[in-house]
Amino acid sequence: MTLSCRGWFTSRGAWFPVNRPITHGGWIGEILKTHRLLLLDHRGTGLSSRILPQSLAQFATPQQQADYLTHFRADNIVKDAEAMRHTLLGDGKKWKGMGQSYGGFCLLTYLSFFPDSLDGVIITGGVACVKRHIEDNYRLTYQKVLEKNNAYYRHYPEDEKRVQDIVKHLLDNEVILPSGVRLSPRRFQALGLSFGAEGGFERIHYLVEKAFIDGPNGPEIAYDFLSEVEQMHSFDTNPIFCILHESIYAEGYATQWAAERLRREFPWVEVDSNQRFHFTGEMISPTMLDDFAHLAPLKQCAEILAQKSDWGPLYDLEQLSRNKVPISAISYYEDMYVPIELSRETALHIPNFYQWVTNEWEHDGIGHDGAKILKRLLDKLSAPRL
């Protein structure tokens, strides 16, 4: 495909391929009215040398696996984009970038190190915390998750007992998933990842209401419930979501399972059948390497990456502070994954940054009302705030 200087490239959230278009509507239709579009699969996803347990099994040692995976962060993703821009457009021609979630993180990296390659940036739900440590991020996201739990139980008060019954059963019995591993209370707890998306409350509600069925020895966990639990998680099919996720925040320090370390600061998140059960969100834990069948062989690799302390820079704060590229972004006030407090701090640090803050949608609003969102962001891109 050939792109003119009116071209766009776009990328999606962390560790997932870009959504394949089915229709020409939504945000894609809005962009195609005026631009050509290149959909970019990040390294490790989709058609871009995707990482799966089989591909990592080709390496002889966990250290070799870890060394390979150090090349899959935003710093190298933007180098890929630069190579594509040079190949498709030639020297001296710029393009625009659009990023959803982690795609927005990548664009801030792009603006840090290749600002002369871009003539416009749109970010949806992905204004990263460029000035903060990973622990600052997780302290806020734990609080956001608690707020989501409280809202969920307000929506579906009957689910409080249903969920407690499920957890008590998991604590008292060995329940096996279709993949052959135990459904632990911690894995069930991680289903709260859905709370940050449109319809997330409903997805969990419709799941837990069918959890039990009468078996030969009394109530037991239903097979269709177990099958759906397994399908709701993507760590087996996207292993770098687990073993590399925390590195997206790391610059010159080891993450050391930050979300797990901070968990002790929030006693409400502990699993106790005698108190309200709280789901967690995008908190990666070393326990996942035991809870998911295809992650177990990667435990040593994951530990090496968690202890890696010499991660390179992802952002250039000085360059961002003198940014001249127009940026138009939407941030969600109740975003469970990308805290608005830190997004706002970033937006105030960068000139030429228009930030639309709203609670009309969740983190994935672009997938539900994309044409409306993109139209406004495109309009604002031509008249950025200085």
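To be clear, the structure that these remarks concern was listed above.
All figures in this text were calculated on a predicted structure; none of them were measured in a lab.

What counts, and at which threshold
- Sequence order sets the numbering: in each chain, residues are counted from 1 along the sequence as written.
- For this predicted model, a pLDDT threshold of at least 70 governs which residues receive local features, and a threshold of 80 or more governs which side-chain atom pairs are given and counted, while totals over whole chains, interfaces and linings are taken from all residues.
- Calculated side-chain values reflect all of the structure's heavy atoms, with hydrogen atoms and water omitted.
- Under the scheme used here, helices are H or I runs from DSSP no shorter than 4 residues and strands are E runs no shorter than 2 residues, and both carry numbers assigned from the N terminus.
- To get the radius of gyration, use the C-alpha atoms; to get the globule rule, take the number of residues to the power 0.38 and multiply by 2.2 Å.
- The contact definition used throughout considers only heavy atoms, calling two residues in contact when any of these lie within 4.5 Å.
- Computed with a 1.4 Å probe, the accessible areas rest on the Shrake-Rupley method; for each residue, only the protein chains presented here act as cover.
- For the purpose of counting charges, residues Lys and Arg are taken to be positive, whereas Asp and Glu are taken to be negative. His and the chain ends are not included.
- Positions of charges follow a simple convention, taking NZ of Lys, CZ of Arg, CG of Asp or CD of Glu.
- Put simply, the grid is 1 Å and covers the protein atoms alone, a cavity is a trapped set of points that fit a 1.4 Å probe, a pocket is an open set with protein on both sides within 12 Å along at least five of seven lines, and lining residues have an atom within 4 Å of a point.
- Grid points are joined across faces, edges and corners, and a volume is the space filled by probe spheres set on the points.
- Throughout this entry, Asp, Glu, Lys and Arg are counted as charged residues, while Ala, Val, Leu, Ile, Met, Phe, Trp, Tyr, Cys and Pro are counted as nonpolar. The remaining residues, Gly among them, count as polar.
- What a helix is expected to span follows from its residue count: subtract one and scale by 1.5 Å.
- Relative accessibility under 20% of the residue-type maximum defines a buried residue, over 50% an exposed one, and the middle range a partly exposed one, all with a 1.4 Å probe and only protein chains included.
- The arc in question is the one traced by the directions running from the helix axis out to the C-beta atoms.
- Fitted lines through C-alpha atoms give the axes, limited to the stretch in contact for helices. The angle between two N-to-C directions lies from 0 to 180 degrees.
- Convention used here: angles under 35 degrees read as roughly parallel, angles over 145 as roughly antiparallel, angles from 65 to 115 as roughly perpendicular, and any remaining angle as oblique.
- Here a polar contact is recorded for every N or O atom pair within 3.5 Å, except that within protein the pair must consist of a potential hydrogen donor and a potential acceptor, and residues adjacent in sequence are included only if both atoms are side-chain atoms.
- The criterion for strand pairing is that DSSP finds at least two bridges linking the strands in question.
- Side-chain atoms within 4.5 Å link the members of a nonpolar core, which is a set of buried Ala, Val, Leu, Ile, Met, Phe, Trp, Tyr and Cys residues.
- When two cysteine sulfur atoms are found within 2.5 Å, that pair is recorded as a disulfide.

> Mind showing me how you'd approach the overall build of the protein here?
Within the protein one finds 17 helices and eight strands. For the protein, the C-alpha radius of gyration of 21 Å lies close to 21 Å, the compact-globule estimate for 386 residues. A principal-axis box enclosing the C-alpha atoms of the protein has dimensions of 70 × 50 × 40 Å. Taking contacts inside the protein between residues at least 6 apart in sequence as the whole, the part at least 24 apart equals 78%. Accessible surface, the protein: about 16,400 Å² in total, of which carbon and sulfur atoms supply 50%. One way to put it: in the protein the 41 positive side-chain charges average out to a point 7 Å from where the 49 negative ones average out.

> Explain empty space enclosed by the protein to me, please; I cannot follow it from the model alone.
Leftover empty space is mapped by rolling, across the atoms, a probe with the size of a water molecule. All chains considered together, the criterion is met by six cavities of 30 Å³ or more. There is about 120 Å³ of room inside the largest cavity. Residue lining of the largest cavity: 15 residues in total, with Arg-186, Thr-280, Met-283, Ser-285 and Met-288 positioned closest to the centre. Where the lining of the largest cavity is concerned, the elements lending two or more residues are α8 (185-189), α12 (258-263) and α13 (288-291). Ranked by residue count, the leading element in the lining of the largest cavity is α12, at three residues. Here the residues of the lining of the largest cavity sort into seven nonpolar, three polar and five charged. Quantified by volume, the second largest cavity comes out at close to 90 Å³. Residue lining of the second largest cavity: 13 residues in total, with Ile-243, Glu-246, Ser-247, Thr-255 and Ala-306 positioned closest to the centre. Grouping the constituent residues of the lining of the second largest cavity by class yields nine nonpolar, three polar and one charged.

> Honestly, helix α17 (residues 370-381) in this entry has me stumped. Any pointers?
For an α-helix the count is 3.6 residues per turn, leaving residues at separations of three or four pointing the same way. Over its twelve residues, α17 runs 16 Å from end to end, which matches the ideal 16 Å to within 8%, given 1.5 Å per residue. Regarding α17, the residues found buried are Gly-370, Ile-373, Leu-374, Leu-377, Leu-378 and Leu-381. Buried residues along α17 cover an arc of 125° about the axis, so they all sit on one side.

> Would you mind going over the layout of surface pockets with me for this structure?
The calculated volume of the second largest pocket comes to roughly 240 Å³. Elements supplying a minimum of two residues to the lining of the second largest pocket: α6 (134-155) and α9 (200-208).

> What exactly am I supposed to notice about the packing of α6 against helix α16 (residues 340-349) here?
Pairs of packed helices are described in terms of their axes, by the angle between the two and the distance that separates them. Running from amino to carboxyl end, α6 crosses α16 at an angle of 135°, the nearest separation of the two axes being 9 Å. As summarised for this structure, α6 and α16 are arranged oblique, according to the angle between their axes. Two secondary-structure elements touch here, α6 through Asp-136, Asn-137, Leu-140 and Lys-144 and α16 through Ile-340, Glu-341 and Leu-342. Of the residues that constitute the contact of α6 with α16, the class distribution is three nonpolar, one polar and three charged.

> How do you make sense of the side chain of Asp-159 when you look at a structure like this?
Structurally, Asp-159 can be placed in helix α7 (residues 159-172). In this structure Asp-159 comes out as buried when scored by relative accessible area, which is 0%. At 2.6 Å, the side chain of Asp-159 and the side chain of Tyr-152 are in polar contact. At a separation of 2.9 Å, a polar atom in the side chain of Asp-159 contacts the side chain of Arg-162. Sequence-distant contacts of Asp-159, defined by excluding residues within four places in its chain, comprise Tyr-152, Tyr-153, His-205 and Val-208.

> Is there a simple way to explain the pairing of strand β5 (residues 212-215) in this structure?
Residues in a regular strand point their side chains to alternate faces of the sheet. Note that β5 and strand β6 (residues 218-221) share four bridges and pair antiparallel. What sits directly across from Asp-214, in β6, is Pro-219. Counting the residues between successive antiparallel strands, the hairpin from β5 to β6 contains two residues.

> Would you explain the environment of Ser-321 in this entry?
Structurally, the position occupied by Ser-321 is in helix α15 (residues 317-321). C-alpha separation for the pair Ser-321 and Ile-350, spaced 29 residues apart in sequence, amounts to 5.0 Å. Contacts of Ser-321, omitting those with residues within four sequence positions, involve His-349 and Pro-351.

> Would you mind going over the nonpolar core with me for this structure?
The nonpolar side chains of a soluble globular protein tend to be buried, and buried together. Formed by 106 residues in total, the largest nonpolar core has its most connected members in Leu-69, Tyr-152, Phe-188, Phe-225, Ile-243 and Phe-279. At eight residues, α6 tops the list of elements feeding residues into this core. When neighbours within four sequence positions are excluded, Phe-225 is seen to be in contact with Ile-166, Leu-183, Phe-188, Leu-207, Val-208, Lys-210 and Ala-211. Within the second largest apolar cluster, 17 residues are counted, among which are Ile-330, Trp-356, Ile-373 and Leu-374.

> Just checking my understanding: could you explain the state of the cysteines for this structure?
Here a disulfide denotes one covalent bond, and it connects the sulfur atoms of two cysteines. Taken as a whole and judged by the stated rule, the model has zero disulfides. Counting only cysteine sulfurs, Cys-301 is the nearest neighbor of Cys-242, a cysteine outside any disulfide, at a range of 10 Å. Owing to a relative accessible area of 2%, Cys-242 belongs among the buried residues under this scheme.

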